[in-house]
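Per-entry structural report
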Amino acid sequence: MLAHVKFHGVSEFLRHCCQTKNLLAVKELHANVLKSSFFSISPGLQINILFTYTACGSSGILNSFLRCLNPRNPIPFNAIISHFSRNGFDRLGLHTLSFMHYNNVLADSYSLCSALKSACVLKDVWFGKLLHAYVVKSGWITSVFVGSALVDFLCKLNWIKDAAMVFDEIPVKNTVCVNALMSGYSEAKMWDQVIELTRRMLPLNLDVDSFTLSSILRACCGLSALQLCKQVHAKAIRNVVDVENDVFLQSLLIEAYGKCGVVENSEKVFRVSRNLDLILWTSMLGVHGRNGNYKEVTNLFSRMLLEGINPDGVAFITVLSACSYTGQVNLGIEYFELMTRDFGLVPSQEHCGCVVDMLCRAGDLERACEFMSRIHCNEDHSFSIAMWGALVNACIESGNVEFGKIVAERALELEPNSVSIYVLLSNLYARNSMWDEIEGLRRLMKSRGLKKDLGWSCI
């Protein structure tokens with residue numbers, strides 16, 4: 001029946017079935033193919049039909065389908081596992097590898113790497129341990145490709161020591177396996193190990209790439225290692241092609257110099273970057289904010305808007321914090337309203353906290369209370385209590401007893417058993433020598449079974 005149909009036409013038909021989820025049409029085609037001899041001589045068609053089944057939501061046919069494949073030829077199995085891994089069917093990929101092992105189909109580096117990737121995505125510790133044992137027993141640990149995938153899997157599970165042991169067992173290493181282990185060290189904030197691993201690359205005659213330099217720069221940020229940061233910068237200029245267009249590397253250079261306190265170097269990197277996108281603008285804003293250059297933050301943010309860059313939530317947190325420290329209340333409120341009105345961003349707890357802190361620093365307590373009453377950040381009670389507590393603390397600093405009592409009552413309406421609010425209210429009374437009120441507050445706490453946590457120290 002399919003003698004006159006070219007394979008290209010069948011592929012288009014299967015693609016159409018995937019889009020329309022037409023499972024019945026796939027079954028009819030599968031039946032016709034099985035009746036002909038075309039199925040047994042075309043592994044590509046076999047795999048395409050299986051993929052169409054899974055795309056249509058019918059994965060129950062997998063075992064029956066795998067039994068039709070030649071067990072002496074692992075290539076179709078490898079293609080199936082690879083497809084499942086790349087298209088989000090990770091559990092089916094692991095099931096296929098289990099079928100191969102149970103039916104004595106030899107797994108090779110391709111199937112093992114894809115399976116390790118799927119196990120990593122699923123965070124499947126049990127299957128990962130089985131794979132680890134199989135890789136060691138079968139001798140595939142000597143493959144730099146399988147070893148790199150295993151190192152990456154172990155690092156993603158935060159088993160850094162095990163990953164380092166596997167790395168040491170790989171006889172011939174390459175930059176990929178070094179990057180896999182270095183990524184694990186970076187995620188675990190083991191900055192000294194990142195530097196030590198970098199030093200080991202030279203005796204191994206391994207070149208660094210953009211990923212390696214990025215991991216080292218993260219270590220520079222964690223250690224505030226200025227000299228190493230300069231060396232990495234020089235290495236990037238010499239070795240990375242078109243480094244000025246590498247946004248990720250440029251942003252890390254900006255942040256690394258900023259963490260080391262050398263803001264002028266961050267500005268130089270920012271100025272020579274050819275692709276000034278949102279990431280680089282936000283990085284530069286963060287550097288000025290962390291180094292206390294709050295005027296520069298507001299100026300840079302204005303430039304950013306003039307350049308037509310749409311800021312994200314992180315950029316707004318930085319500029320709102322700067323407005324808080326510089327006392328630019330009206331500008332901060334304007335930016336907060338701009339965020340929701342012009343850019344459609346939903347204020348997070350951090351944004352709301354910046355505005356409340358800004359108003360409290362300026363002594364505008366009534367406005368802060370009004371803001372707290374109308375914002376939509378009150379869904380998280382723990383956050384709301386913290387913000388109301390900040391208002392009470394501001395009342396303590398300003399000596400505004402009456403307003404402090406009103407704010408505390410609002411907070412206790414949300415959380416009647418909040419010990420921290422009672423403690424702040426007690427401090428407010430104590431600051432103004434209102435000892436009778438303090439005694440009444442203590443009796444109220446005792447009647448409700450509330451106790452202040454005792455301070456303690458550990459030597």
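About the thresholds
- Residues numbered from 1 in each chain as written.
- Predicted model: local features only at pLDDT ≥ 70, side-chain atom pairs only at ≥ 80, totals over all residues.
- Heavy atoms only, no water.
- Helix = DSSP H or I, 4+ residues; strand = E, 2+ residues; numbered from the N terminus.
- Buried < 20%, exposed > 50% of the residue type's maximum accessible area, 1.4 Å probe, protein only.
- Contact = heavy atoms within 4.5 Å.
- Areas by Shrake-Rupley, 256 points an atom, 1.4 Å probe, with all protein chains shown as cover.
- Salt bridge = Lys/Arg side-chain N within 4 Å of Asp/Glu carboxyl O.
- Core = buried A, V, L, I, M, F, W, Y, C linked by side-chain atoms within 4.5 Å.
- Expected span 1.5 Å × (residues − 1).
- Polar contact = N/O pair within 3.5 Å; in protein donor to acceptor, adjacent residues only side chain to side chain.
- Axes fitted to C-alpha atoms, helices over the stretch in contact; angles between N-to-C directions.
- Parallel < 35°, antiparallel > 145°, perpendicular 65-115°, else oblique.
- Left-handed = near helix turned anticlockwise from the far one by under 90°.
- Nonpolar A, V, L, I, M, F, W, Y, C, P; charged D, E, K, R; others polar.
- Phe/Tyr/Trp six-rings, centres within 6.5 Å; stacked < 30°, edge-to-face > 60°.
- pLDDT = per-residue confidence, 0-100.

**Thoughts on the overall build of the protein**
Across its full length, the protein holds 27 helices and zero strands. Looking at the protein residue by residue over its 459 residues, the buried ones come to 46%. In the protein, the share of contacts with a sequence separation of at least 24, taken over all contacts with a separation of at least 6, comes to 61%. When the accessible surface of the protein is totalled, it reaches about 24,200 Å², and 54% of it is carbon and sulfur.

**Here we look at the pattern of salt bridges**
Per the counting criterion, the structure on display carries nine salt bridges. For the salt bridge of Asp242 with Arg274, the shortest nitrogen-to-oxygen distance reads 2.8 Å. Of this pair, Asp242 sits in the loop between helix H15 (226-239) and helix H16 (247-259) while Arg274 sits in the loop between helix H17 (263-272) and helix H18 (278-290); the two residues are 32 residues apart in sequence, bridging distant segments of the chain. Looking at Asp242, the relative accessible area reads 33%, which means it is partly exposed. Residue Arg274 is classed as exposed on the basis of its relative accessible area, which comes to 57%. In this structure, Arg443 and Glu439 form a salt bridge, with 4.0 Å as the shortest nitrogen-oxygen distance. Here the residue Arg443 and the residue Glu439 both occupy positions in helix H27 (residues 435-447), the gap between them amounting to four residues, near one helical turn.

**Describing the nonpolar core**
By size, the foremost hydrophobic cluster in this structure holds 145 residues, and its most contacted members are Val151, Leu181 and Leu391. For Leu181, the residues in contact, after removing those within four places along its chain, are Val151, Cys155, Ala163, Ala164, Phe167 and Leu197.

**Considering the environment of Asn22**
Mapped onto the elements of the fold, Asn22 is located in the loop between helix H1 (7-20) and helix H2 (23-35). Note on Asn22: relative accessible area 33%, which makes it partly exposed.

**Re helix H10 (residues 144-156)**
Its 13 residues place the ends of H10 18 Å apart at the C-alpha level, agreeing with the 18 Å of an ideal helix rising 1.5 Å per residue. For H10, a buried count of ten out of 13 residues is recorded, marking the element as mostly surrounded by other parts of the structure. Turning to H10, its buried residues number three or more, namely Val144, Val146, Gly147, Ser148, Ala149, Leu150, Val151, Phe153, Leu154 and Cys155. Among the structural elements, helix H8 (109-122), helix H9 (125-138), helix H11 (160-169) and helix H12 (175-187) are those in contact with the buried residues of H10.

**Some points on unusual backbone geometry**
Non-glycine residue Asn104 carries a positive phi angle of around 60 degrees. With respect to the helices and strands, the residue Asn104 is situated in the loop between helix H7 (90-102) and H8. One non-glycine residue, Asp242, lies in positive phi territory at about 55 degrees.

**Structural notes on the side chain of Ser266**
Within the fold, Ser266 resides in helix H17. Take Ser266: its relative accessible area is 0%, and that puts it in the buried class. At 3.2 Å, the side chain of Ser266 and the backbone nitrogen of Gly258 are in polar contact. The contact partners of Ser266, leaving out residues within four places of it in the chain, are Ile254, Tyr257, Gly258, Met284 and Val287.

**Things to note about helix H6 (residues 75-86)**
In this model, H6 (twelve residues) spans 16 Å end to end at C-alpha, consistent with the 16 Å of a helix rising 1.5 Å per residue. Inspection of H6 places Pro76, Phe77, Asn78, Ile80, Ile81, His83, Phe84 and Ser85 among the buried residues, and these make up the whole buried set. Directly after H6, the chain includes Gly88, whose backbone phi takes a positive value near 85 degrees.

**Brief notes about the packing of helix H19 (residues 294-306) against helix H20 (residues 313-326)**
Two elements in contact, H19 and H20, have axes whose closest approach is 8 Å; the angle formed by their N-to-C orientations is 135 degrees. Judged on the interaxial angle alone, H20 and H19 are oblique. Read as a crossing pair, H19 and H20 show a hand that is left-handed. Of the residues in H20, those in contact with Tyr294, Lys295, Val297, Thr298, Phe301 and Met304 of H19 are Ala315, Phe316, Thr318, Val319, Ala322, Cys323, Tyr325 and Thr326. Looking at side-chain class alone, the contact of H19 with H20 contains ten nonpolar, three polar and one charged residues.

**Let's talk about the packing of aromatic side chains**
Following the criterion strictly, the structure yields nine aromatic pairs and no others. Between the aromatic rings of Phe301 and Phe316, the centroid separation amounts to 5.3 Å while the plane-to-plane angle is 65 degrees, which identifies the pairing as edge-to-face. Note that Phe301 is positioned in helix H19 and Phe316 in helix H20, a separation of 15 residues in sequence. Of the two residues, Phe301 and Phe316, both sit in the buried class. Summarising the aromatic geometry, the rings of Phe301 and Tyr335 are spaced 4.9 Å apart at their centres and angled 75 degrees between planes, so their arrangement reads as edge-to-face. Taken as a pair, Phe301 in helix H19 and Tyr335 in helix H21 (residues 329-341) lie far apart in primary sequence, 34 residues in all.

**Details of the packing of H7 against H9**
For the pair H7 and H9, interaxial distance at closest approach is 12 Å and the crossing angle is 40 degrees. With respect to H9, the element H7 is oriented oblique. Like other packed secondary-structure pairs, H7 and H9 cross with a definite hand, here left-handed. Along its contact with H7, which presents Leu94, Leu97, Ser98 and His101, the element H9 presents Phe127, Leu131 and Tyr134. Looking at side-chain class alone, the contact of H7 with H9 contains five nonpolar, two polar and no charged residues.

**Remarks on the confidence of the model for the protein**
For the protein, the mean per-residue pLDDT works out to 84, and 89% of the residues sit at or above 70. Contacts from residues 1-7, a stretch scored under 50 in pLDDT, to residues over four places away or in other chains number nine contacts.

**Observations regarding the side chain of Thr298**
In this structure, Thr298 sits in helix H19. Setting aside its immediate chain neighbours within four residues, Thr298 contacts Val319, Ala322, Cys323, Gln328, Leu331 and Tyr335.

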